[in-house]
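So the chains spell out like this:
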Amino acid sequence: MDSARSWLQKLQPRDKARASAKKKKEDNNGGNQDSNAAVDEALLSSVTKQKVAAAKQYIENHYKEQMKNLQERKERRTILEKKLADADVSEEDQNNLLKFLEKKETEYMRLQRHKMGVDDFELLTMIGKGAFGEVKVCREKTSGHVYAMKKLKKSEMLRRGQVEHVKAERNLLAEVDSNCIVKLYCSFQDDEYLYLIMEYLPGGDMMTLLMRKDTLTEDEARFYVGETVLAIESIHKHNYIHRDIKPDNLLLDRYGHLKLSDFGLCKPLDCSTLEEKDFSVGQNVNGSTQNEERTAPKRSQQEQLQHWQMNRRTLAYSTVGTPDYIAPEVLLKKGYGMECDWWSLGAIMYEMLVGFPPFYSDDPMLTCRKIVNWKTYLKFPEEARLSLEAKDLISKLLCNVNQRLGTKGADEIKAHPFFKGVEWDKLYQMEAAFIPEVNDELDTQNFEKFDESDSQTQSSSRSGPWRKMLSSKDLNFVGYTYKNFEIVNDYQVPGMAELKKKPSKSKRPSIKSLFETPEVSDTSANNQPAQGSFLKLLPPQLEVSHSDKNLPPRVL
Ligand SMILES: Nc1ncnc2c1ncn2[C@@H]1O[C@H](COP(=O)(O)OP(=O)(O)OP(=O)(O)O)[C@@H](O)[C@H]1O
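Not measured: the values here are computed from a predicted model. (Residues numbered from 1 in each chain as written. Predicted model: local features only at pLDDT ≥ 70, side-chain atom pairs only at ≥ 80, totals over all residues. Heavy atoms only, no water.)

In this section: the overall build of the protein chain. On a plain count of helices and strands, the protein chain comes out with 21 helices and ten strands. A burial count over the protein chain gives 50% of its 556 residues as buried. Considering only intrachain contacts with a sequence separation of at least 6, the fraction spanning at least 24 residues in the protein chain is 74%. As displayed, the protein chain has an accessible area near 27,800 Å², and 51% of this comes from carbon and sulfur atoms. (Helix = DSSP H or I, 4+ residues; strand = E, 2+ residues; numbered from the N terminus. Buried < 20%, exposed > 50% of the residue type's maximum accessible area, 1.4 Å probe, protein only. Contact = heavy atoms within 4.5 Å. Areas by Shrake-Rupley, 256 points an atom, 1.4 Å probe, with all protein chains shown as cover.)

Written as structure tokens, this is what we have:
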């Protein structure tokens, strides 16, 4: 059953190595030690073990973070000292500036300790709904910045055994810094929910785009499939497998460029009864698929497309989800690797050019059957006039793992004739195939309208055995909380890169010019330098909001 879920798996080579070392040690010891270990083992209840593991993780994270902060703080001071040396500043002013930096450092540390919570945000329009939660546009109250907030029910995570996967999602988003992946600003939790605060991508998702356009031209598809290749490549480089890449998870930014999202959650689909041999090529099919094949009227491409579109959203928001893009080896629990994401790419490309996914059926279980028996069911409708290159690429993605393009890396796919002429390193700088209409930062016109009264009710998570296991200090979710200071600052202080450049000797700024900025009030009455272009000397993390000089740096 697990294998049919849209889980993201982090490969853990180090853990594997540790496990095998442990096993070796155990093998060598034997005898008494074994029985002692067994007694020890029995004495430690699983709850205790869980607590120990959680505490260990907490302490490790804490000290790692402390060391990193200390190092960064030192670096900031060195940078400022260098800048001051270049800026022709008197010794007294230098001392004042350094004192000011220390004060900002203290504020920064206080802010790092600040626990983010849902109350820090004003919740606005709902833009997405999934099996485990919902996504809303929100505004951070202190800074006014707009983000997307994904809210996931802890009880649901526990009930469906998704704790590890939701952590994997958090880890991936925090770890992979790529313009093909949706950016995570912070994550936090309360008694009932986990929250991810992400960049808001106002261009909508690929599912909505495909529903609006029916099909794409090959040029349009080339652009989106190309960007998806880069996105998949970037997660694979970090040893992550997505397993559930589908149009709903391909989001479009303001300029129409694509970013991958939704790592780690899955919708359970019981495929334990699936067997490849049921429907092998040339044999008569049995069971319900045979019935479907016999009874279902043969649909034209247009009819199939209408049918698909009618069911699409219902499937997306259902607790079962759509299995249309999941690779056969994942469904069959055969063990799988990164290639499964390239299969999903093939299914998405097929849908872009044909209008519906290759193994579509009204019943998700039948779709699974068709997927595992893809040799029988993969067909291109005659009406869909695909180029030979497009058909060839799709066929080389929707095939056995051994033959699948991408098995030896993304370069195999990039080199396929369908992508002839694509300048891969310029793709994200090109004009997108469609530029979404976005009128302001809160515009949600590219998303489906949701009935806000559908918003998550709290009843189910408040009752039942899972409820007892929940608290904001829940061991299951230790380590979930996260703040991405660097991203936040990049986002909030556009142009910092230029400001960080060392001024040339001939154009040394005077101390006066460092403090000049009309919109900021002079605080020199408090014996502190006025906040003006002086702030440009401060490292970005310590930038202060211009709107309120008493505010600590604007971070999430
Ligand atoms: N950062 C974002 N910016 C804009 N829209 C988003 C963002 N994240 C999610 N969405 C919207 O919300 C929808 C659901 O998001 P997502 O797939 O992450 O939720 P989920 O609960 O994990 O869903 P699933 O049931 O597919 O696992 C997306 O298809 C997209 O339309």
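Next up on the list: the packing of aromatic side chains. For the structure on display, the rule yields 13 aromatic pairs. An angle of 25 degrees between the planes, with centres 5.0 Å apart, marks the rings of phenylalanine 188 and tyrosine 195 as stacked. Tyrosine 195 carries the same exposure label as phenylalanine 188, and that label is buried. An aromatic cluster is built from Phe121, Tyr147, Tyr185, Phe188, Tyr193 and Tyr195, whose rings are joined through pairwise contacts. It is lysine 151 that lies over the ring of tyrosine 193; its NZ or CZ is 4.3 Å from the centre. The ring of tyrosine 255 has arginine 254 sitting right over it, with the charged end atom 5.6 Å from the ring centre. (Phe/Tyr/Trp six-rings, centres within 6.5 Å; stacked < 30°, edge-to-face > 60°. Lys NZ or Arg CZ within 6 Å of the ring centre and 35° of its normal.)

Take the nonpolar core next. Met206, Tyr224, Val229 and Met352 are the most contacted members of the largest nonpolar core, which has 69 residues in total. Here this core takes eleven residues from helix α12 (residues 339-354), the largest share from any one element. Residues contacting methionine 352, with those up to four places away along its chain left out, are Met206, Leu210, Thr215, Leu216, Ala221, Tyr224 and Val225. (Core = buried A, V, L, I, M, F, W, Y, C linked by side-chain atoms within 4.5 Å.)

Next up on the list: the pairing of strand β3 (residues 133-140). In terms of burial, β3 is largely enclosed, as seven of its eight residues are buried. Relative to β3, strand β2 (residues 121-129) runs antiparallel, the two being bridged by six bridges. In the strand pairing of β3, glycine 128 is matched with valine 135. The pairing of β3 with strand β4 (residues 146-153) spans seven bridges and is classified as antiparallel. Residue pairing for β4: valine 137 is matched across the bridge by alanine 148. Taking the residues between adjacent antiparallel strands as the criterion, β3 and β4 are bridged by five residues, where glycine 144 takes a positive phi near 80 degrees. (Pairing = 2+ DSSP bridges.)

The full count for this structure, using the stated rule, is 18 salt bridges. Where salt bridges share partners, they join Arg73, Arg77, Glu81 and Glu102 into one cluster. (Salt bridge = Lys/Arg side-chain N within 4 Å of Asp/Glu carboxyl O.)

Take the environment of phenylalanine 447 next. Here phenylalanine 447 shows up in the loop between α16 (410-414) and α17 (459-462). With near-sequence residues (within four places) excluded, phenylalanine 447 lies in contact with Ile127, Tyr200, Leu201, Pro202, Gly204 and Arg212.

Between helix α3 (residues 46-86) and helix α4 (residues 91-113), the shortest axis-to-axis distance is 11 Å and the interhelical angle comes to 155 degrees. In terms of orientation, α3 lies roughly antiparallel with respect to α4. The handedness of the crossing between α3 and α4 comes out as right-handed. For the pair α3 and α4, the contacting residues are Asn69, Arg73, Arg76, Arg77, Leu80, Glu81 and Leu84 in the first and Gln94, Leu97, Leu98, Leu101, Glu102, Glu105, Tyr108, Met109 and Gln112 in the second. Broken down by class, the residue content of the contact of α3 with α4 amounts to seven nonpolar, three polar and six charged. (Axes fitted to C-alpha atoms, helices over the stretch in contact; angles between N-to-C directions. Parallel < 35°, antiparallel > 145°, perpendicular 65-115°, else oblique. Left-handed = near helix turned anticlockwise from the far one by under 90°. Nonpolar A, V, L, I, M, F, W, Y, C, P; charged D, E, K, R; others polar.)

Attention shifts here to helix α13 (residues 364-372). Among the nine residues that make up α13, eight are buried, leaving the element largely enclosed by the rest of the structure. Residues Pro364, Leu366, Thr367, Cys368, Arg369, Lys370, Ile371 and Val372 constitute the buried set of α13. One side-chain oxygen at the N-terminal end of α13 lies 2.9 Å from the backbone nitrogen of methionine 365; it belongs to aspartate 363. (Polar contact = N/O pair within 3.5 Å; in protein donor to acceptor, adjacent residues only side chain to side chain.)

Moving on, we come to the state of the cysteines. Should the sulfur atoms of two cysteines be covalently bonded, the bond is a disulfide. The tally for this structure, following the rule as stated, stands at zero disulfides. Cysteine 138 provides the cysteine sulfur closest to cysteine 186, a residue in no disulfide bond, and the two sulfurs are 9.0 Å apart. (Disulfide = S-S within 2.5 Å.)

We now examine the confidence of the model for the protein chain. Caution applies to low-pLDDT parts of the model: their predicted coordinates are not meant to be read in detail. With 63% of its residues at a pLDDT of at least 70, the protein chain reaches an overall mean of 72. pLDDT under 50 marks residues 1-21. Its contacts with residues more than four places away, or in other chains, come to 56 contacts. pLDDT under 50 marks residues 457-472. Its contacts with residues more than four places away, or in other chains, come to 29 contacts. Predicted as a complex, the structure gets a pTM of 0.66 and an ipTM equal to 0.96. (pLDDT = per-residue confidence, 0-100.)

A pair of packed helices is characterised by two quantities: the angle between their axes and the separation of those axes. Closest axis-to-axis distance for the α12/helix α15 (residues 388-397) pair is 8 Å, and the angle between their directions is 145 degrees. The chirality of how α12 crosses α15 is left-handed. For the pair formed by α12 and α15, the contact residues are Trp342, Trp343, Leu345, Gly346, Met349, Tyr350 and Leu353 on the first element and Ala390, Leu393, Ile394 and Leu397 on the second. Split by residue class, the contact of α12 with α15 holds ten nonpolar, one polar and no charged.

What follows concerns a nonpolar patch on the surface. Residues Tyr58, Ile59 and Tyr63 make up a contiguous nonpolar surface patch of roughly 370 Å² in combined accessible area. Tyrosine 63 sits in the exposed class, given a relative accessible area of 53%. (Patch = residues over 30% accessible without salt bridge, like charges linked within 9 Å, V, L, I, M, F, W, Y side chains within 5 Å.)

A separate point is helix α8 (residues 218-237). Every α-helical turn comprises 3.6 residues, leaving residues that sit three or four positions apart pointing alike. Taking 1.5 Å as the rise per residue, α8 with 20 residues should run 28 Å; its terminal C-alpha atoms sit 28 Å apart, in good agreement. The positive-phi residue at the C-terminal boundary of α8 is asparagine 239, with phi of around 65 degrees. (Expected span 1.5 Å × (residues − 1).)

On to the pairing of strand β5 (residues 184-189), then. In terms of burial, β5 is largely enclosed, as six of its six residues are buried. Relative to strand β6 (residues 193-198), β5 runs antiparallel, the two sharing five bridges. Residue pairing in the sheet places serine 187 in a bridge with leucine 196 of β6. In sequence, β5 turns back onto β6 through a hairpin of three residues.

You will see that asparagine 239, though not glycine, has its phi angle at about 65 degrees, which is positive. Relative to the helices and strands, asparagine 239 is located in the loop between α8 and β7 (240-241). With a relative accessible area of 32%, asparagine 239 lands in the partly exposed category. Backbone geometry places arginine 243, a non-glycine residue, at a positive phi of 75 degrees. Structurally, the position occupied by arginine 243 is in the loop between β7 and β8 (250-252).

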